[in-house]
Amino acid sequence: MRLFLLKPFLLFFCLVMGCGFFPQPVQAQSSISTLKGKSFNNITLEASLKPFKKNDKAYIREVATEMFTQWHSLLRHTDTVSVMLWTSDGSEIVDYKGTLSQPLEWARYLGNPNTKHEVGSGPEELSIHERAYLYMENPPAFTYGDLKFIIQTLKEVGKQVTGKPVLVGATFDPGPEFAKSEFKYVKHPEILGGSAMGHKSFVSSYSVLNADKGSYAGFPTGIPANTPFGTFFGRQSQHFLKDLGYDYIWFSNGFGFGAEGWSATGATFTGKEFEQEKLAGLTAKINEFWKLFRKECPHFQIQTRGTNLSVGADLARDAVNLKQIYEGGYNMLPPPNSPWAALDGDFGLEMVGYMSRMAELPDNRFLFRYYTHDPWWLNSPWLDRYGREPHDIYLPMAVSRIDANGKIGIPTHLNFLTIDNSLGEMPTQVPDEVTPHILKARYDSPTAPGPLVWVYPFDEYHKWAYQSKERLAEVYYGDWYIRQAINNGLPLNTVISTSSFQSVLANNPEYFRESTLVTIAPDAGSSLEKALMGFVQKGGKLIIFGPTDHSSPAFLDFLNQKNEAPLEGEFKIKTSYTTDILEKGYPNVINHRPLFSGGGFRTSLKNRNDAGTKLLVQVEQGGKSRDAVWVRTKPEWQGGKVAYLRGTNSSSFTGGRLLTPDEPDKYFIGPLHLRYVLPEFGISHVVEKQDPTIKNPVLTIARSNNAFMFSGYNPNSTIRQRFRFQQGAPLLLGLETKLDKGSSTYTMPTSWNRESRVFVEQQDGIVSFKELHSGQKGITKRYSVDGLKNATVRIYAEPQVTDEQFHAYVNSSYPWKTGQITFRKGEDRFGKHYVVENITGNLVVSW
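If you're wondering where the values come from, they're calculated on a predicted model, not measured in any experiment.

1. With respect to the sheet that holds strand E1 (residues 40-48)
Pairing between the strands of a sheet is mediated by backbone hydrogen bonds and can be parallel or antiparallel. The seven strands are arranged E11-E10-E5-E2-E1-E15-E12 in an open sheet whose pairing can be described as parallel. Looking at strand neighbours, the two that pair on one side only are strand E11 (301-304) and strand E12 (367-371), the edges of this open sheet. Averaged over neighbouring strand pairs, the angle between their axes works out to 25 degrees when direction is ignored. Contacting strand E2 (78-86) and strand E5 (166-172), helix H5 (residues 144-162) crosses the sheet at an angle of about 145 degrees to E5. Sitting on the sheet, helix H14 (residues 429-443) touches E1, E12 and strand E15 (413-417), and the angle it makes with E15 is about 155 degrees.

Here it is as structure tokens:
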């Protein structure tokens, strides 16, 4: 009896103290596993040292146990667990002398400790960006030896709690945010370049060090003058990572990717002009950093945060050649989605950056990173910035890539920034609330291309940038244009590179049958030009945007286009398409700035009498006109269609970090045309709102297990959205809709995620789509559609369902012995689905 009572205490004691005989959990590979969805290769819990509020070994083990226990239900879904330690700001690496008894300067602050005001001093009105505080009274002191014990404890306790191997990563941040750095801001200010947090506040990876007589682990007799920072940092990292037991290193906040990680400007773009002549030299400097680092630190994996922007923008503004970095063999993981959407609400930029960087990869691995807490700046995005709304989970997790073999790629790695808040607390509420959304998004991961596929010019951009200043401007323009289109409701969440697209198309001409492709105008005579034209001529759907200054006569004929003298500035717009529904309409004036739109307005129809061409948008300025948007088809194209949009990037640089969108009540927002042209391809998404200043929704539509997964973010929840596809109005599971002229209509909350497997052709009425219980042996799914009036209904069953397994009933009920009706297979161009016609009342389908 006494032994029985002692057992819980012994178990807890062993867990805390790390007893070797503590029983190990069953591995995830067990045959009894009931887990759903595709597991991750790795899940990373990012954390500072703040939760370790006492430098006591038992306490450290207890904190480590809680870390892994909180996230255990999610960690079952991974092969490996990692902990990424935000110990300091990276100065712990560059300051390391090779002695474990060395005192550790660590991130024990709230705010920026590298300002002119000492920690905790100065006037009360100073913000935490101007003066830092200690996060608690008398925070513990640590040595490098203590840090080594924490790392070893995390590995041991993590293995005990999760049954998984546990890796621990170090971090290097180039800026002033997290801990006091005498190395950066006193000893070696010559290494500072970027100005993200003040003039020359960020370390430039390709900087050169002045002489330093101090002793460092990799330079015990001092740093010689003109030592490249890549050499110094690589050698220091090798010693630090090896001596303390780390497994990898994380380059934070754009480090390794140019000098300016946060801004729309950079070393090759001033905001007023592109300095293309500097591009090749600066690219060489960035690449040299990677080579130098790897020479000194050859084996530890590098994980990267990247910049806040995108492939094309980074290349054009700051000389970052991601293609060369990816192909360098550096044993690296690519940058994930930026966490900045939580701060500035710019989900278009987050999505564009994420998709452009995964269009090509060093291998098949890439990350999704989610911003739960901030351990420095007194905010916890899940609880405050997001307001506990999961849109920044469902939107980026609806993104997928297609590789050269046609395989759909979804994130292999998942990171949480961070599991502790600025006060060192780890509220269990956050993993409890976030985990179900992460898992649902994972269960509903894309399994096929979405309705729109971005064919990203990864190789083309990396070639064009070095050809001329004009082409550099074109490279810069493309990603910003798509950014603004996504921010205005374009449902774009699938990406493939131009080279992979050509491989997939050659092997499977029907692969994109259900999708519309979106891309730039290809170079004259290129294989891409041939592939795009052939795709349309064999029945494909294509949208081309941007300048065609380098297109061939054959491609211009294909578009029915000619180029005239360039115009710029303000234009009046003439349109002939369905727009959003506003009480106060959009302006009919657009501002086309060549610097931000890849050149001037030159495009016009070549043959206005062409029977297959429909002009949708024309702009006029002082009696001169240019054609902005049109679609074209030909009888011999087997149903194929191409749309062309010149595409105005309705943004400019007005200072600050990012391009500033035009005022929507003064100028029409040009990238809206991308959404407005979609009805020509069978997709209508119309927004009802009060006036142009009300922000448009962000929307993704992913294809998962033959369903259409809708996810949305509504910056303003008063808007109403209308949907109609070529196969009918999509019905969102669990909701009612009031059909209006054949479109389903929904007023949704700030964040929403709904499945659609049913499309209905019906003009009006209130229709519902609900899931029912099985109640019948052999049936796994049953759905009800109510409120039908002589409707045609298309049902997208799961892909494995056969004709014999599919059942449809009209105005019937349990036990389903009456009312069964016949159905037919739907048209191939709409994908695998079933059709029932002339339905009035209630329809139930099951399989």
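2. Considering the nonpolar core
Core analysis: the biggest nonpolar cluster contains 222 residues, and Phe68, Phe229, Phe233, Phe416 and Leu843 have the highest contact counts within it. At ten residues, the largest contribution of residues to this core is made by helix H16 (residues 469-487). Residues within four places of Leu843 in sequence aside, it is in contact with Tyr783, Ser784, Val785, Leu788, Val793, Ile795, Ala808, Tyr809, Val810, Ile821 and Val836. Counting residues in hydrophobic clusters, the runner-up holds 28 residues, among them Leu542, Ile544, Leu605 and Tyr644.

3. Here's the deal with the packing of helix H9 (residues 311-318) against H16
As a packed pair, H9 and H16 sit with axes 7 Å apart at the nearest point and diverge in direction by 145 degrees. You can see that H9 and H16 cross each other, and the crossing is left-handed. On H16, the residues touching Val311, Gly312, Ala313, Leu315, Ala316 and Arg317 of H9 are Leu472, Val475, Tyr476, Asp479 and Trp480. Of the residues assigned to the contact of H9 with H16, the class counts are eight nonpolar, one polar and two charged.

4. Overview of the environment of Asn41
With respect to the element layout, Asn41 can be found in strand E1. A C-alpha to C-alpha distance of 10.0 Å links Asn41 and Leu367, two positions 326 residues apart in sequence. Those residues within four positions of Asn41 in sequence are excluded, and the remaining contacts are Thr78, Asp79, Thr80, Arg365, Thr412 and His413.

5. Examining the pattern of salt bridges
Taken as a whole and judged by the stated rule, the model has 40 salt bridges. A salt bridge links Glu275 to Lys278, with the nearest nitrogen and oxygen atoms 2.7 Å apart. Residue classification places Glu275 among the buried residues on the basis of a relative accessible area of 15%. A salt bridge links Lys641 to Glu680; the nearest nitrogen and oxygen atoms lie 3.4 Å apart. Here the residue Lys641 occupies a position in strand E27 (residues 641-645), and Glu680 occupies one in the loop between helix H20 (672-676) and strand E30 (683-689), the gap between them amounting to 39 residues. Accessibility assignment for this pair places Lys641 and Glu680 in one class, buried. Within the structure, one salt-bridge network assembled from shared partners comprises Lys463, Arg471, Glu474 and Asp523.

6. Remarks on helix H12 (residues 347-358)
In this model, H12 (twelve residues) spans 17 Å end to end at C-alpha, consistent with the 16 Å of a helix rising 1.5 Å per residue. With respect to burial, H12 is a largely interior element, twelve of its twelve residues being buried. Residues Phe347, Gly348, Leu349, Glu350, Met351, Val352, Gly353, Tyr354, Met355, Ser356, Arg357 and Met358 constitute the buried set of H12.

7. Observations regarding the pairing of strand E19 (residues 541-545)
Burial within E19 is extensive, with five of its five residues counted as buried. Side chains Lys541, Ile543 and Phe545 of E19 all project onto a buried face; the interleaved residues Leu542 and Ile544 project onto the opposite face, where all are buried too. The β-α-β motif built from strand E18 (residues 516-520), the intervening helix H18 (residues 527-537) and the parallel element E19 has right-handed crossover chirality. Judged from the five bridges that link them, E19 and E27 form a sheet pairing that is parallel. Looking at E27, one finds that Lys541 is bridged to Lys641.

8. Re the side chain of Arg703
Note that Arg703 resides in strand E31 (residues 698-704). In terms of polar contacts, Arg703 uses its side chain to reach the side chain of Glu514, at 2.9 Å. In terms of polar contacts, Arg703 uses its side chain to reach the backbone carbonyl oxygen of Ala707, at 3.2 Å. Beyond its immediate chain neighbours, meaning those up to four positions away, Arg703 contacts Ser445, Pro446, Thr447, Ala448, Pro449, Gly450, Pro451, Glu514, Phe708 and Tyr796.

9. Examining the confidence of the model for the protein chain
Chain-level statistics for the protein chain give a pLDDT mean of 94 and a share of 96% at 70 or above. In this model, residues 1-29 is a region of pLDDT below 50 whose contacts with residues beyond four sequence positions or in other chains number 32 contacts.

10. Examining the side chain of Asp627
Considering the arrangement of structural elements, one finds Asp627 in strand E26 (residues 624-632). By relative accessible area, Asp627 is classed as buried at 0%. In this structure the side chain of Asp627 is engaged in a polar contact, spanning 2.7 Å, whose partner is the backbone nitrogen of Leu605. A polar contact is formed between the side chain of Asp627 and the side chain of Arg608, at a distance of 2.7 Å. Other than its neighbours up to four places away in sequence, Asp627 contacts Phe601, Thr603, Ser604, Leu605, Arg608, Leu615, Val617 and Gln618.

Rules of the game
- Residues numbered from 1 in each chain as written.
- Predicted model: local features only at pLDDT ≥ 70, side-chain atom pairs only at ≥ 80, totals over all residues.
- Heavy atoms only, no water.
- Pairing = 2+ DSSP bridges.
- Helix = DSSP H or I, 4+ residues; strand = E, 2+ residues; numbered from the N terminus.
- Axes fitted to C-alpha atoms, helices over the stretch in contact; angles between N-to-C directions.
- Contact = heavy atoms within 4.5 Å.
- Core = buried A, V, L, I, M, F, W, Y, C linked by side-chain atoms within 4.5 Å.
- Buried < 20%, exposed > 50% of the residue type's maximum accessible area, 1.4 Å probe, protein only.
- Left-handed = near helix turned anticlockwise from the far one by under 90°.
- Nonpolar A, V, L, I, M, F, W, Y, C, P; charged D, E, K, R; others polar.
- Salt bridge = Lys/Arg side-chain N within 4 Å of Asp/Glu carboxyl O.
- Expected span 1.5 Å × (residues − 1).
- Right-handed = clockwise from strand over helix to strand, strands pointing away.
- Polar contact = N/O pair within 3.5 Å; in protein donor to acceptor, adjacent residues only side chain to side chain.
- pLDDT = per-residue confidence, 0-100.

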